[in-house]
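One letter stands for each residue in the lines below.
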Amino acid sequence: MPPFWIVDAFTSAPFEGNPAAVVLMDTPYDAAWAQRVAAEFNLSETAFARHYDDRSGWELRWFTPTTEVDLCGHATLATAHVLASETSRGPIRFFTRSGELVVTSAEGRYWMDFPSAAPTPAAIPPGLHEALDAQPLGVWSGATGDLLAELPDAEALRQLKPNMSLLKQLPARGVIVTAPATAPYDFVSRFFAPAVGVPEDPVTGSAHTVLAPFWADRLNRSELFARQISQRGGDVLLRLEKPGRVLIGGSAVTIMSGSLSIPNTTL
């Protein structure tokens, strides 16, 4: 039966960061089966990795409890951590809906090479003010399908209590809310995606593909240190070294492991 691991990503301590399930597959599997497994784990993301015999790398897919997504940072980090511990050495190549993603290990962290694009200014959509119960300073549209909203400071972000039912009605995968921070952090953020079954994500790698160029331009820096200030919280290092790409760095901790008791043909 397929083995699985539960990994806390973007943290070096257990019970912090963002937990993800990682399932290693040795045969093809049905997406409907994978979706039901992800719903059973009921974490923000479950990653399914399958080694390619004819390619030097792994197929990687990500499922929330309700849907398959195009890109997930913390579950990629969790999968790289499992593979580095169990089977693989050197750079790990993933083939995904978002293209080829390479993860390397350096400076005591995993570094994910992800696509990145600066968000574009957008009109504040009807209902966003009511959904956040806050008035954003501005709103942008990200290539991830998320809206980015800026608040004046970290305390306003901490106090945010959004209405998930209203957020779910917005025309976006999710809403990234960000604010400037004080040292040692360059900025802070939170991420809400009830439309894909994730009310608040503890630490979101894909959101930082939007946040990195946004704050790099604001602060005139190519290296940033960020904090996602969810209840669990997590630290994210960012480096913009190549156009259209961002290196996202973080640590991970394995919490548990086991094996599924059902074959991948069970629907």
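Novice: I tried to follow the overall build of the protein chain on my own but got confused; where do I start?
Specialist: Within the protein chain one finds six helices and 18 strands. In summary, the protein chain has a C-alpha radius of gyration of 18 Å against a globular reference of 18 Å for 267 residues, a match within 12%. Counting every position in the protein chain, which comprises 267 residues, the buried fraction comes to 56%. Sequence-distant contacts, at least 24 apart, represent 62% of the contacts inside the protein chain between residues at least 6 apart. Summed over its atoms, the accessible surface of the protein chain is roughly 11700 Å², and 50% of this surface lies on carbon and sulfur atoms. Taking the average location of the 20 positive side-chain charges in the protein chain and that of its 28 negative ones, the two points are 1 Å from each other.

Novice: How do you make sense of the pairing of strand 8 (residues 109–115) when you look at a structure like this?
Specialist: Each regular strand carries side chains that alternate between the two faces of the sheet. Taking burial as the measure, the seven residues of strand 8 include five buried ones, the bulk of the element. Examined bridge by bridge, strand 7 (residues 99–106) and strand 8 share five bridges and lie antiparallel to one another. Following the sheet pairing, Val103 is matched in strand 8 by Met112. Between strand 7 and strand 8, which pair antiparallel and follow one another directly, the connecting turn spans two residues, one of which, Glu107, has a positive phi of 60 degrees. For strand 8 and strand 17 (residues 245–250), the ladder comprises six bridges, and the chain directions are antiparallel. For Trp111, the partnering residue across the bridge sits in strand 17 and is Gly249.

Novice: Where do I start with the pattern of salt bridges in this structure?
Specialist: A side chain of one charge can pair with a side chain of the opposite charge if their charged atoms are brought near each other. Applying the stated rule across the entire model yields 16 salt bridges. With a shortest N-O distance of 3.0 Å, Arg239 and Glu107 are connected by a salt bridge. Residue Arg239 is found in strand 16 (residues 234–239), and its partner Glu107 is found in the loop between strand 7 and strand 8; the two are separated by 132 residues along the sequence. Note that Asp186 is salt-bridged to Arg221, the shortest N-O span being 2.4 Å. A residue pair is termed long-range when its members are at least 10 positions apart, and Asp186 in the loop between strand 12 (175–180) and strand 13 (187–193) and Arg221 in the loop between helix 6 (205–219) and strand 15 (223–228) qualify at 35 residues. Judged by its relative accessible area of 40%, Arg221 falls in the partly exposed class. A cluster of three or more residues bridged by salt bridges with shared partners is formed by Arg61, Glu68, Asp70 and Arg97.

Novice: What should I look at first to understand the side chain of Thr46 in this one?
Specialist: Within the secondary structure layout, Thr46 lies in strand 3 (residues 46–51). A relative accessible area of 0% means that Thr46 is categorised as buried. Residues contacting Thr46, with those up to four places away along its chain left out, are Ala21, Val23, Ala38, Phe41, Arg61, Trp62 and Phe63.

Novice: I tried to follow the packing of aromatic side chains on my own but got confused; where do I start?
Specialist: The geometry of an aromatic ring pair is captured by the separation of the ring centres together with the interplanar angle, meaning the angle of the planes. The full count for this structure, using the stated rule, is ten aromatic pairs. Centre to centre, the rings of Phe48 and Phe63 are 5.5 Å apart; their planes meet at 85 degrees, and the pair counts as edge-to-face. Of the two residues, Phe48 sits in strand 3 while Phe63 sits in strand 4 (residues 58–63), which places them 15 residues apart along the sequence. Phe63 matches Phe48 in its accessibility class, with the two residues each being buried. The structure contains a cluster of three or more aromatic residues connected by ring pairs, namely Tyr29, Trp33, Phe48 and Phe63. Arg218 extends its terminal NZ or CZ atom over the ring of Trp215, reaching a point 5.6 Å from the ring centre.

Novice: Would you explain the pairing of strand 3 in this entry?
Specialist: Among the six residues that make up strand 3, five are buried, leaving the element largely enclosed by the rest of the structure. Across five bridges, strand 2 (residues 18–25) lies against strand 3 in parallel orientation. Pairing of Ala21 across the sheet is with Thr46, part of strand 3. Handedness of the crossover joining strand 2 and strand 3 through helix 1 (residues 31–41): right-handed. The pairing of strand 3 with strand 4 spans six bridges and is classified as antiparallel. Within strand 4, the position partnered with Ala47 by the bridge is Trp62.

About the thresholds
- Residues numbered from 1 in each chain as written.
- Predicted model: local features only at pLDDT ≥ 70, side-chain atom pairs only at ≥ 80, totals over all residues.
- Heavy atoms only, no water.
- Helix = DSSP H or I, 4+ residues; strand = E, 2+ residues; numbered from the N terminus.
- Rg over C-alpha atoms; globule rule 2.2 N^0.38 Å.
- Buried < 20%, exposed > 50% of the residue type's maximum accessible area, 1.4 Å probe, protein only.
- Contact = heavy atoms within 4.5 Å.
- Areas by Shrake-Rupley, 256 points an atom, 1.4 Å probe, with all protein chains shown as cover.
- Lys, Arg positive; Asp, Glu negative; His and termini not counted.
- Charge placed at Lys NZ, Arg CZ, Asp CG, Glu CD.
- Pairing = 2+ DSSP bridges.
- Salt bridge = Lys/Arg side-chain N within 4 Å of Asp/Glu carboxyl O.
- Phe/Tyr/Trp six-rings, centres within 6.5 Å; stacked < 30°, edge-to-face > 60°.
- Lys NZ or Arg CZ within 6 Å of the ring centre and 35° of its normal.
- Right-handed = clockwise from strand over helix to strand, strands pointing away.

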